[in-house]
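Now for the letters of each chain:
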Amino acid sequence: MVGGIQSPALANYGSIPGQVLFSIIALLGIACFTYIVMRRLTPLLRGERDFRFDRPLIRLGRLAQYWLGQWKHPRYRFAGVLHVLIFAGFLILATRAFALLVLGISGHFIVPGFSGMAGQMYEAIKDYAATIVFSCMVVAAVRRIVVKPARYAVPAKYGKGHGADAIFLLALIAVLMASESLFKASESALQAQQRGGVEFLAVLSLPWMLKNLLSETSTAALWNVYRGAYLLDVLTFYFLLCYRPFGIQFHVETSLFNVYFAKLDRGTVKPVRWGVSDEQLDQVKSFGVKKFEDFTWKHMLDFYSCADCGRCSDQCPANAAGRLLSPRFLTIKARDYAFRHYPMLGGPGNGNPLIGGIYSEDEIWSCTTCGACEEECPLLIEYIDKIVDLRRGLVDDGYVPKSIQKALKALESRGNPYGKMEKKRTDWAKAQEFQETCDVKTLNGTNGAGTLYFVDSITSFDDRMQAIARSTARILDHVGEPFGILGGAEKDSGHDVRRFGEETLFMALRDHNVEAIKASGVQRIVTADPHAYNALKHDYKDVPPVEHISQVIAREVRAGKLALAPVENPDNVYAYHDPCYLGRHNQVYDDPRNVLDAVPGLKRVEMKRCRDRSFCCGGGGLMLFYEPQETERMGVKRVRMAAEAGANVIVTACPFCMTNIEDAIKVTGMEGKMTAIDLAELVDQQIARPPSVQMEIRQENAMA
């Protein structure tokens, strides 16, 4: 009995007793779902190993934040709130779903602890939850069919869309909510007719509205509605359960695990093979990902967990610039491949090459590794490691873009992508005007210093970027920091070499620099290059702690040791551009802004895309040496964003960004209207010094 009404388990469906029918449906549904999931796990079992079982407490905390707390969903306000409501509704209705399924088998079942007042309260809450979820399904369907947000669109070059699948799934969930509510409404209506009383239902809930519609229905008809609603609910539940692993809603089952096993360390790149040390890499026959089974099991889980929401591609600067890359379709195409080659029946298909099969070379080279896609994904899907692994596979097979080959050869022979002599690394410090204000010593093991200024290649050799090096050195000298440089003993940090996929060359550069740093005897490292900062912090081992110059400046300003003079032109409006490897990858957002705000009279505005949503300049991953197919440069888009914010000075803290933004200012014809300056250069100009010294520095920077 159910509240005085005969249980569906005790009713007959034709000549079949309800208990028998629903037991068969449950067994078939669970068996089918188990078989489907086991087949879906097959490629994961064939994938490469991936170490994801460390730091369980941190992982549980992130699970609570990103999965249970839905932390990232509201970043897209309307769609995010909609998803939070659906997710919360599912959590509330899970108990009701379990109770209903058992009800058809046992004849009478009450969830322990849900009798009495607690049960009545839950009934009201779950009725509203079902109503909200049903309403959200209608709204979501309207968005898909009528509104059609641009991020849901599937360009022809990426294949067939999954819009019909999404609509069908929304309809199934709506039917599930409606059938459960109809079952409750018909039960309540039957009780009212039999007892002559009125059972309380949550006012304005879906069951309440359906009961009012059934108020004049005969007892016989209500009984048929009651039995039919229950049968429809059970069939819909098991059909939905078994259908989800075939489409975009597989993330309902996999997202919890995907979030738990998500990458914990920002700014890092996975090793070539988990469990294989650098010394053992020469025993690895093949580097990188060439066929589907070369992906790790976790990255395959990423493919299954994608909700196809398009947020990653919507935030991807490469996609915005018209390049062939779209992070969303990196995942979707791989998932479709897995479904085709690991079917429900029969053995797996042949492992076809991924490049030339589902991905193009330019698609893989177009990524700047900026991390915008990963920052946006609410399910913490990883893209950079997959891109780097695919590049490793291309490099291993000798498929390197011609424009990059020269830079790689120069890095191998000279330790810098420009092919310049090692002794020229210190030329930036030999300018006569500079030497008069700052003495930079080259560390040789005997003339020790507490701090190493790691300059890196672009700042050492590019004539324009050398001004950043001089400003950085003057700032360190001004705050009384005993520092030196490695000079010719320094080689490129290898940061972008590694993210380009040339792991062996990266290791050679890294090992050389580590030895040179240790020989210098320094206690800490400072750099003005976020790429070098990220490499030294995350890719190197056994080196002293590293800071970006913006962190040093901010600390000295806070301590009152660095006084800044008022801006020379108070009419200028400044906008800070967050470099990807300082901001998103290392969370340094406030220090540069605090420094700018400490300059008296400086007016600062924020661009629409800033902080963790900053727009990449386009220079990461050796992209300064690669010319991808695109409709508009990323730097050009960034300059326009600054202009739209009302700024006429763009401040950055990265030589790569400075290169691309200054080029973009010229391309857009905004010379004279917009200027770019590095944070170190700006601070160097604003340090309160004697007027004569200050004038010399301003003139020197202007000439640069």
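A quick note: this is a predicted structure, and the numbers were derived from the prediction, not measured.

A. View of the overall build of the chain. Helices and strands together make up the secondary structure of the chain, namely 28 helices and 11 strands. Counting across all 704 residues of the chain, residues that qualify as buried make up 56%. Sequence-distant contacts, at least 24 apart, represent 79% of the contacts inside the chain between residues at least 6 apart. A total accessible area of about 29200 Å² is found for the chain, and carbon and sulfur atoms account for 59% of it. Taking the average location of the 81 positive side-chain charges in the chain and that of its 76 negative ones, the two points are 5 Å from each other.

B. Spatial organisation of the sheet that holds strand β9 (residues 603-605). Reading across from one edge, β9-β8-β10-β11 is the order of the four strands in this open sheet, with parallel pairing throughout. Every interior strand has two partners, whereas the edge strands, β9 and β11 (675-678), have only one. Each strand of the sheet is rotated relative to its neighbour by a mean of 35°, with strand direction disregarded. Two elements, strand β8 (residues 573-576) and strand β10 (residues 649-652), share three bridges in a ladder whose sense is parallel. By the bridge assignment, Tyr574 is partnered in β10 with Val649.

C. Structural context of the sheet that holds strand β4 (residues 451-453). One open sheet holds the five strands; their spatial order is β3-β5-β4-β6-β7, and the pairing between them is parallel. Two strands bound the open sheet, and with one partner strand each, they are β3 (441-442) and β7 (546-548). Note that β4 and strand β5 (residues 483-485) share two bridges and pair parallel. Within the sheet, the bridge partner assigned to Leu452 lies in β5 and is Gly484. Sitting on the sheet, helix α23 (residues 549-558) is in contact with β6 (524-527) and β7, with an inclination near 80° to β7.

D. Spatial organisation of the pattern of salt bridges. Under the criterion given, the structure shown has 51 salt bridges. With a closest N to O distance of 2.7 Å, Lys126 and Asp127 form a salt bridge. Exposure class is identical for Lys126 and Asp127. Each is buried. The shortest N-O distance in the salt bridge between Arg604 and Glu606 comes to 2.9 Å. Connected through salt bridges with shared partners, the residues Lys270, Asp389, Arg392, Arg498, Arg499, Glu503 and Asp539 form a single ionic network.

E. Local environment of helix α21 (residues 503-520). Along its 18 residues, α21 runs 26 Å from first to last C-alpha, staying within 8% of the 26 Å computed at 1.5 Å per residue. Those residues of α21 hidden inside the fold are in contact with α15 (384-396), α16 (402-414), β4, α20 (495-500), β6 and α22 (530-539).

F. How the structure looks around the environment of Cys377. Looking at the secondary structure, you find Cys377 in the loop between α14 (372-376) and α15. Taking the C-alpha atoms as reference, Cys377 lies 24 Å from Arg498; in sequence the two are 121 residues apart.

G. Just the packing of aromatic side chains, in detail. With the rule as written, the count across this model stands at 26 aromatic pairs. A centroid spacing of 5.0 Å and a plane angle of 85° characterise the contact between Tyr260 and Phe261, whose relative ring orientation is edge-to-face. The same class applies to Tyr260 as to Phe261, namely buried. Judged by centre distance (6.0 Å) and plane angle (50°), the rings of Trp428 and Phe434 are tilted. On the basis of relative accessibility, which here comes to 0%, the residue Phe434 falls in the buried class. Residue placement shows Arg144 over the ring face of Tyr152; its charged tip is 4.1 Å from the ring centre.

H. Structural context of a nonpolar patch on the surface. The grouping of Val81, Leu85, Tyr128, Ile132, Phe200, Val203 and Leu204 at the surface amounts to a nonpolar patch, some 650 Å² of accessible area in total. Broken down by secondary-structure element, the contributors of at least two residues to the nonpolar patch are α3 (77-106) and α4 (117-147). Here Phe200 shows up in the loop between α5 (163-195) and α6 (206-213). Residue Phe200 is classed as exposed on the basis of its relative accessible area of 62%.

I. Broad picture of the domain arrangement of the chain. Split into domains, the chain comes out as domain 1 (8-260), domain 2 (278-399) and domain 3 (406-703). A straight line from the C-alpha centre of domain 2 to that of domain 3 covers 31 Å. On the domain 3 side, the residues contacting the 28 residues of domain 2 number 30 residues. Between domain 2 and domain 3 lies a buried interface of about 2500 Å² when both sides are counted; carbon and sulfur atoms form 53% of it.

J. Here's a closer look at the packing of helix α1 (residues 18-46) against helix α9 (residues 297-305). The N-to-C vectors of α1 and α9 enclose an angle of 145°; their axes lie 7 Å apart at closest approach. By crossing handedness, the relation of α1 to α9 is classed as right-handed. Two secondary-structure elements touch here, α1 through Arg40, Pro43 and Leu44 and α9 through Trp297, Met300, Leu301 and Tyr304. Classifying every residue of the contact of α1 with α9 gives six nonpolar, no polar and one charged.

K. Just empty space enclosed by the protein, in detail. Taken as a whole, this structure holds six cavities of 30 Å³ or more when the rule is applied. For the largest cavity, the lining is made up of 15 residues, of which Pro417, Ser457, Asp492, Asp496 and Phe656 are closest to its centre. Broken down by secondary-structure element, the contributors of at least two residues to the lining of the largest cavity are α18 (457-461) and α20. Examining the composition of the lining of the largest cavity, we find that three residues originate from one element, α20, more than from any other. Each residue belonging to the lining of the largest cavity can be placed in one class, and the counts come to nine nonpolar, three polar and three charged.

L. Molecular detail of helix α25 (residues 634-644). Restricting attention to buried positions, one finds in α25 the residues Met634, Gly635, Val636, Arg638, Val639, Met641 and Ala642. Against the buried residues of α25 lie α11 (317-320), β10 and α26 (655-667). Count one or two residues on from α25 and you reach Gly646, which has phi positive near 90°.

M. Looking closely at the nonpolar core. Core analysis: the biggest nonpolar cluster contains 154 residues, and Phe292, Trp428, Val440, Tyr453, Val651 and Val683 have the highest contact counts within it. If we skip the residues at most four places from it in the chain, Trp428 touches Phe434, Val440, Tyr453, Val455, Ser460, Gln466, Ala469, Arg470, Ala473 and Ile485. Core analysis: the second largest hydrophobic core is formed by 28 residues, Leu21, Ile36, Phe183 and Leu214 among them.

Criteria and thresholds
Residues numbered from 1 in each chain as written. Predicted model: local features only at pLDDT ≥ 70, side-chain atom pairs only at ≥ 80, totals over all residues. Heavy atoms only, no water. Helix = DSSP H or I, 4+ residues; strand = E, 2+ residues; numbered from the N terminus. Buried < 20%, exposed > 50% of the residue type's maximum accessible area, 1.4 Å probe, protein only. Contact = heavy atoms within 4.5 Å. Areas by Shrake-Rupley, 256 points an atom, 1.4 Å probe, with all protein chains shown as cover. Lys, Arg positive; Asp, Glu negative; His and termini not counted. Charge placed at Lys NZ, Arg CZ, Asp CG, Glu CD. Pairing = 2+ DSSP bridges. Axes fitted to C-alpha atoms, helices over the stretch in contact; angles between N-to-C directions. Salt bridge = Lys/Arg side-chain N within 4 Å of Asp/Glu carboxyl O. Expected span 1.5 Å × (residues − 1). Phe/Tyr/Trp six-rings, centres within 6.5 Å; stacked < 30°, edge-to-face > 60°. Lys NZ or Arg CZ within 6 Å of the ring centre and 35° of its normal. Patch = residues over 30% accessible without salt bridge, like charges linked within 9 Å, V, L, I, M, F, W, Y side chains within 5 Å. Domains from an automatic or database assignment. Buried area = accessible area lost by both parts, 1.4 Å probe. Left-handed = near helix turned anticlockwise from the far one by under 90°. Nonpolar A, V, L, I, M, F, W, Y, C, P; charged D, E, K, R; others polar. 1 Å grid on protein atoms, 1.4 Å probe; cavity = no way out; pocket = protein on both sides within 12 Å on 5 of 7 lines; lining within 4 Å. Points joined across faces, edges and corners; volume = space filled by probe spheres on them. Core = buried A, V, L, I, M, F, W, Y, C linked by side-chain atoms within 4.5 Å.

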